[in-house]
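The residues making up each chain are set out below.
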Amino acid sequence: MGNLKKYLFGSFAQLFFPIFAVLFFISSVILFIKIAGVTFVVKMSFGELFELYLYSLPTMIFFTIPVTFFSASVISLAKLSQEYELPVLFSLGIDPLRFSRLFFPLSLLVSLFLLLVSLALVPLSNEAYDRFLDHKKSSVNINLKPAEFGQKLGNWLVYVGDMDEGEKRYKEVVMFSSNDLGRESFILAKEALVESMEGNLELKLFRGSAYFEEELHIKRVDYAQMLIRDSAFKEGGASLGIMGYWKQALGGEKGSDKVRRKLSSSILISLFPLASLFFIPLLGIMHPRFQKNYSYFYVIIATGIFYGLVHIASNHLPLAGIFLIPLIWLGVGYGLYRRFIAPYF
């Protein structure tokens, strides 16, 4: 039993780390592209960009490890099957269900680790990420460039003709927003000054015109000076903490539905390795003489189905789905195992 466990986990480890490295690299590239988009509005050094990357690591690990574990488990068994290792073991009287028993402690450990990451580290890192961005935005370290289209400042699309870098004073400013002032607004200004007041971003506009959408016409206002305070850049309030954050899922206040969906999806994805215990031998065990190796295809399909169920449950039955989806997935896996694996091996 000990030699079998050592041999099985050796094969598993040979696949786990390469798969994890590939998925982690792809996630890192996507994350760097997302973080780079922040620099269109806020100036950041390379060190600050790397700090944002570190804040996102728990989320990347949380989404990468479940898929990696399930893929490596199934493919390692499929590899041993194709090399006639498993058929030999079955001929010696080894029960296929023993592989599920061998994977159980590791699946449990991985699921517990994912619960820790998703319920503790991810909320803390996301809060640190948001606070870091709020602080950078409220410090008026804005990165507006002259003669470039598509730049955004809070809820405003902004175009500037020229700028004074030292005084943060912009010239020939054009601004548009569809909702910041409760209606579509189009503002022209000869000059604009960006300041921070009590954590809010303030735009002081000088010598220009503002156009506001009315019911049947457009209203024009000429001004010598206009002040716009954008609360979209206001720094966050007091920290809720881990327990305070997840307690929102049980309440009826604003935003509780979103937190409830996050709680549901976090727990369900964390339980994916444990709930898939019977899918590992189901998809990985085969007879190489009569069956072809479609384990990669099976892994993609099974993972897609489970994550689809997670999405549906977290949106429609967030709290009940935490109990229903793992039990259903475990039951379906066991039923298919009894139907397609147990009678033949």
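All values derive from a computational prediction rather than experimental measurement. (Residues numbered from 1 in each chain as written. Predicted model: local features only at pLDDT ≥ 70, side-chain atom pairs only at ≥ 80, totals over all residues. Heavy atoms only, no water.)

The number of helices and strands found in the protein is 10 helices and six strands. In the protein, of all internal contacts separated by at least 6 residues, the share reaching a separation of at least 24 is 67%. Total accessible area computed for the protein in this model is approximately 18,400 Å², and 65% of it derives from carbon and sulfur atoms. (Helix = DSSP H or I, 4+ residues; strand = E, 2+ residues; numbered from the N terminus. Contact = heavy atoms within 4.5 Å. Areas by Shrake-Rupley, 256 points an atom, 1.4 Å probe, with all protein chains shown as cover.)

With that out of the way, let us pick up helix H2 (residues 46-82). Within H2, the axis deviates most sharply at Ser 56, by approximately 40°, and proline Pro 58 lies no more than four positions further along. Directly beyond the C-terminal end of H2, a positive phi value near 65° is found at Tyr 84. (Bend = angle between axes of the 7 residues up to and from the residue.)

One can find Ser 270 in helix H6 (residues 256-270). Looking at Ser 270, the relative accessible area reads 0%, which means it is buried. (Buried < 20%, exposed > 50% of the residue type's maximum accessible area, 1.4 Å probe, protein only.)

In this model, the protein carries a mean pLDDT of 83, and residues with pLDDT of at least 70 account for 85%. Between the elements of the protein, mean pLDDT differs from a low of 70, seen in helix H5 (residues 241-247), to a high of 95, seen in helix H7 (residues 272-275). (pLDDT = per-residue confidence, 0-100.)

Glancing now at a nonpolar patch on the surface. Together, Val 22, Phe 25, Ile 26, Val 29, Ile 30 and Ile 33 make up an exposed nonpolar region whose accessible area comes to about 590 Å². For Phe 25, the position within the fold is in helix H1 (residues 2-38). (Patch = residues over 30% accessible without salt bridge, like charges linked within 9 Å, V, L, I, M, F, W, Y side chains within 5 Å. Salt bridge = Lys/Arg side-chain N within 4 Å of Asp/Glu carboxyl O.)

Counted under the stated rule, the structure contains 22 aromatic pairs. Taken together, a centroid distance of 6.4 Å and an interplanar angle of 55° make the contact between Phe 297 and Tyr 298 tilted. Looking at Phe 297, the relative accessible area reads 52%, which means it is exposed. Chaining the aromatic ring pairs together yields one cluster made of Phe 9, Phe 12, Phe 16, Phe 17, Phe 20, Phe 24, Phe 69 and Phe 103. The positively charged end of Arg 339 is found above the aromatic ring belonging to Phe 340, 4.9 Å away from the centroid. (Phe/Tyr/Trp six-rings, centres within 6.5 Å; stacked < 30°, edge-to-face > 60°. Lys NZ or Arg CZ within 6 Å of the ring centre and 35° of its normal.)

As a further point, take the nonpolar core. By size, the foremost hydrophobic cluster in this structure holds 46 residues, and its most contacted members are Phe 70, Leu 77, Leu 86, Phe 99 and Phe 103. Looking at this core element by element, the count peaks at nine residues for H2. Here Leu 77 is in contact with Leu 8, Leu 86, Phe 99, Phe 103, Ile 280, Pro 281, Gly 284 and Ile 285, once residues within four sequence places are set aside. Listed in part, the 20 residues of the second largest apolar core include Leu 153, Trp 156, Val 160 and Ile 187. (Core = buried A, V, L, I, M, F, W, Y, C linked by side-chain atoms within 4.5 Å.)

Compared with the 21 Å implied by 1.5 Å per residue over 15 residues, the 21 Å span of H6 between its first and last C-alpha is a close match. Taken residue by residue, H6 has Ser 256, Val 259, Arg 260, Leu 263, Ser 264, Ser 266, Ile 267, Leu 268, Ile 269 and Ser 270 as its buried positions. (Expected span 1.5 Å × (residues − 1).)

Each packed pair of helices is defined by two parameters, the angle between the axes and the distance between the axes. Contact pair H6 / helix H9 (residues 295-316): the axes reach a minimum separation of 8 Å and the direction vectors enclose 150°. Relative to H9, H6 is oriented roughly antiparallel. Where H6 crosses over H9, the handedness of that crossing is right-handed. When H6 is examined against H9, the residues Arg 261, Ser 264, Ser 265, Leu 268 and Ile 269 are found in contact with a partner set consisting of Phe 306, Tyr 307, Val 310, Ala 313, Ser 314 and Asn 315. (Axes fitted to C-alpha atoms, helices over the stretch in contact; angles between N-to-C directions. Parallel < 35°, antiparallel > 145°, perpendicular 65-115°, else oblique. Left-handed = near helix turned anticlockwise from the far one by under 90°.)

In this section: unusual backbone geometry. Positive phi is not limited to glycine here, since Glu 172 has a value of about 50°. Within the fold, Glu 172 resides in strand E3 (residues 169-177). Here Glu 172 falls in the partly exposed class, since its relative accessible area comes to 44%.

A few words now on the pairing of strand E2 (residues 156-164). Each regular strand carries side chains that alternate between the two faces of the sheet. Direction of pairing for strand E1 (residues 151-153) relative to E2: antiparallel, over a ladder of three bridges. The residue of E2 that forms the bridge with Lys 152 is Leu 157. As judged from the seven bridges shared by E2 and E3, these two strands associate in the antiparallel manner. Directly across from Asp 162, in E3, lies its bridge partner Lys 171. (Pairing = 2+ DSSP bridges.)

On to the pattern of salt bridges. Following the criterion strictly, the structure yields five salt bridges and no others. With a closest N to O distance of 3.5 Å, Arg 131 and Glu 127 form a salt bridge. Remark: Glu 127 and Arg 131 occur in helix H4 (residues 97-138); sequence separation between them is four residues, near one turn of the helix. You can call Arg 131 partly exposed: its relative accessible area is 32%. The class for Glu 127 is partly exposed, based on a relative accessible area of 22%. Between Arg 169 and Glu 191 there is a salt bridge, with the nearest N and O atoms lying 3.0 Å from each other. In this pair, Arg 169 sits in strand E3 while Glu 191 sits in strand E4 (residues 185-197), placing the two residues 22 residues apart along the sequence. Classification of Arg 169 by relative accessible area gives partly exposed; the value is 21%. Looking at Glu 191, the relative accessible area reads 18%, which means it is buried.

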